[in-house]
Amino acid sequence: MTEERSNGPSWRPTKARQDATCILCPCPALTAYWTNPPSCPRRVCCESKSSCCSYLCFRDSKTVSVFVTTVFVTYFILMDIVLYCYFMKASLVEGSKGGGAEEMYTPFTHLSVKALLNDQPSQYLIAPSTEWLEYFTNFAKTFYFITPNVVSFAHLIVGFISGKFVSSDNLNDRRIGVFLFEFRTWLDAFDGTLFRAQPGNHLKYNSVHSTLGYYIDSVFDSLGGAFLCFGIYFYLLKRFGPPRNQCALPFWSSGPSDVQNKVPLVSEGGKESYSSLYLFWKAFSFGMVLLVSAGTWDNIVVQFSEVFQTELKDPNLTALQLELSHSNTTVFLFQLWRLIGSQCMLNYILITIFYDKIWEFLKGTQYLLMIMIVSLYVMSVVYINQVSLSNHSIIIIIIIIIIIIIIIIIIIIIIIIIITIIKTSSSSSVAKFNH
């Protein structure tokens, strides 16, 4: 019977090759929580003639990741090219006015500064899904009791649950947390869709700072990011935290016997360990990156909107405004904000969590991301003041830059003082312990 099987059709694998293929196949990982996983996923994914394992790109998790990443990156690049072509023919003044109640949403029409500075996944995946759900189901009128603020409360709860999953030391749990946080992001976009479903707001992608819902959404967004950062911290604590039978490690050092050594402690089991404060600093630093990127992004949206979306009466100034909004520098700055905005930072950290590279990402980008965001913000402010149709003095620009530099210096000094205090107190506690 074994010989008949081996001489059968070429597509049917032998038992040894079948078992090896199923080990490589990423699909059985979906049943990791089941005791005695059912044979149906194995038959469908590994034994079927048309199974995903029959194709080279689905043989293991790495090739699947490369394939999916290539598909998404290609899709985003193509959509960006189409968006650029539409944008070069459009006016931000007219596009920001929105559309009629019966008009369907597309990512390329009714463009505003806020829409153009949105990250690619939100612009091409999340926003269309929320807008089309509202358009085809008339969700706002059918479920009139579900207000935008109710949805904001919902995504706050989902963010908290996501942070709990991210804190797990099990990779599958953390991946569930990633999907939950992406769902939180979808809900965050959906509450804006419900707000725009109100009469007179259809397809108007502009922040309305005068409403209570704006502040509720902003606070809940910040709390969602905080939940994610705390989840990351507790995960790092489980992975790199000092052994419980050992005294607390100093802030920057490896262990109680060598306070000045800055390499991590390796315990008897080969576990790389860091102090809890050092791990907290890593997670806190990224939390500050999220906070600063969100604040600067929102402020830049307002400033660009005042310059490029303000309707002018002078035809010459209107023509100049249109020309400046389509200039290469403006498009370049818009694209940079799409790549390092707050939502993009969340996408980056979620990707690293999914692929179990969170520690490498935090170590490699702890200060680099903050420098990039602050630098881009300063460049954008200078550019906005240069192209502004008002008569801004160059002195005002210099003062703004000086103020920003002073604030950064003050923050750095405060951080250095805090680190010095923590190091001193940690060294004292270690000395007492040794004594």
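To keep things clear, this report deals only with the structure shown in the data block.

Calculation notes
Residues numbered from 1 in each chain as written. Predicted model: local features only at pLDDT ≥ 70, side-chain atom pairs only at ≥ 80, totals over all residues. Heavy atoms only, no water. Salt bridge = Lys/Arg side-chain N within 4 Å of Asp/Glu carboxyl O. Helix = DSSP H or I, 4+ residues; strand = E, 2+ residues; numbered from the N terminus. Buried < 20%, exposed > 50% of the residue type's maximum accessible area, 1.4 Å probe, protein only. Expected span 1.5 Å × (residues − 1). Core = buried A, V, L, I, M, F, W, Y, C linked by side-chain atoms within 4.5 Å. Contact = heavy atoms within 4.5 Å. Axes fitted to C-alpha atoms, helices over the stretch in contact; angles between N-to-C directions. Parallel < 35°, antiparallel > 145°, perpendicular 65-115°, else oblique. Nonpolar A, V, L, I, M, F, W, Y, C, P; charged D, E, K, R; others polar. Phe/Tyr/Trp six-rings, centres within 6.5 Å; stacked < 30°, edge-to-face > 60°. Patch = residues over 30% accessible without salt bridge, like charges linked within 9 Å, V, L, I, M, F, W, Y side chains within 5 Å. Areas by Shrake-Rupley, 256 points an atom, 1.4 Å probe, with all protein chains shown as cover.

1. Focus: the pattern of salt bridges
Tallying each qualifying case throughout the model produces six salt bridges. R338 serves as the salt-bridge partner of D80, at 2.7 Å between the closest nitrogen and oxygen. With D80 in helix α4 (residues 61–87) and R338 in helix α14 (residues 328–340), the pair connects residues that are 258 residues apart, well separated along the chain. For the residue pair D80 and R338, the accessibility class agrees, reading buried in each case. For the salt bridge of E94 with K97, the shortest nitrogen-to-oxygen distance reads 3.4 Å. K97 sits in the partly exposed class, given a relative accessible area of 38%. Each of E94, K97 and E311 takes part in salt bridges that share partners, so that together they form one network.

2. Some points on helix α15 (residues 342–354)
Here α15 contains 13 residues, and its C-alpha end-to-end distance of 19 Å stays within 8% of the 18 Å for a straight helix at 1.5 Å per residue. The element α15 is largely enclosed, with a buried count of ten among its 13 residues. Turning to α15, its buried residues are S342, Q343, C344, M345, L346, N347, I349, L350, T352 and I353.

3. What about α14?
The end-to-end C-alpha separation of α14 is 19 Å, in line with the 18 Å expected for 13 residues at 1.5 Å each. Where α14 is concerned, the buried positions are T330, L333, F334, W337, R338 and I340.

4. Here's the deal with the environment of N172
Relative to the helices and strands, N172 is located in helix α10 (residues 171–196). By relative accessible area, N172 is classed as partly exposed at 23%. Between the alpha carbons of N172 and F354 there is a distance of 8.5 Å; along the sequence they are 182 residues apart.

5. What to know about the environment of P242
Within the secondary structure, P242 is located in the loop between α11 (212–240) and β1 (265–266). Spatially, the C-alpha atom of P242 lies 8.6 Å from that of E272, the residues being 30 residues apart in sequence.

6. Here's the deal with the nonpolar core
Counting residues in each nonpolar core, the largest one holds 56 residues, and the members touching the most others are L117, L228, I232, F286, F304 and I349. Among the elements that make up this core, the one with the highest residue count is helix α12 (residues 276–308) (twelve residues). Ignoring sequence-local partners within four residues, the contact set of L117 consists of W297, I300, V301, F334, W337 and R338.

7. Considerations on the packing of helix α9 (residues 148–166) against α11
Two elements in contact, α9 and α11, have axes separated by 7 Å at closest approach and are oriented at 5 degrees. As judged from the angle between their axes, α9 and α11 are roughly parallel. Across the interface between the two elements, N149, S152, F153, H155, L156, G159, F160, G163 and V166 from α9 touch G213, I216, D217, F220, D221, L223, F227, L228, G231, I232 and Y235 from α11. In terms of residue class, the contact of α9 with α11 is built from eleven nonpolar, seven polar and two charged.

8. With respect to the packing of aromatic side chains
This model, assessed by the stated rule, comprises 31 aromatic pairs. Taking the centre distance of 6.1 Å and the plane angle of 40 degrees together, the rings of F72 and F76 count as tilted. Linking F72 with F76, this pair stays in helix α4, spanning four residues, or about one helical turn. The exposure class of F72 is partly exposed, given its relative accessible area of 38%. Owing to a relative accessible area of 15%, F76 belongs among the buried residues under this scheme. Residues F240 and Y274 carry aromatic rings whose centres are separated by 5.6 Å and whose planes lie at 80 degrees to one another, so their mutual orientation is edge-to-face. In this pair, F240 is assigned in helix α11 and Y274 in the loop between β2 (272–273) and α12, connecting sequence segments 34 residues apart. For the residue pair F240 and Y274, the accessibility class agrees, reading buried in each case. Put simply, the rings of F139, F143, Y144, F145, F183, W186 and F190 pair up and form one aromatic cluster.

9. Details of a nonpolar patch on the surface
Together, F67, V68, V71, F72 and L125 make up an exposed nonpolar region whose accessible area comes to about 380 Å². Counting residues per element, the nonpolar patch draws most heavily on α4, which supplies four residues. Under the relative-accessibility criterion, V71 is labelled partly exposed at 44%.

10. Section: unusual backbone geometry
Unusually for a residue other than glycine, N138 sits at a positive phi of about 50 degrees. Of note, N138 is situated in the loop between α7 (120–137) and α8 (139–142). When its relative accessible area of 34% is taken as the criterion, N138 is described as partly exposed. With a phi angle near 60 degrees, D356 is a residue other than glycine that sits in the positive phi range. Along the polypeptide, D356 turns up in the loop between α15 and α16 (358–365).

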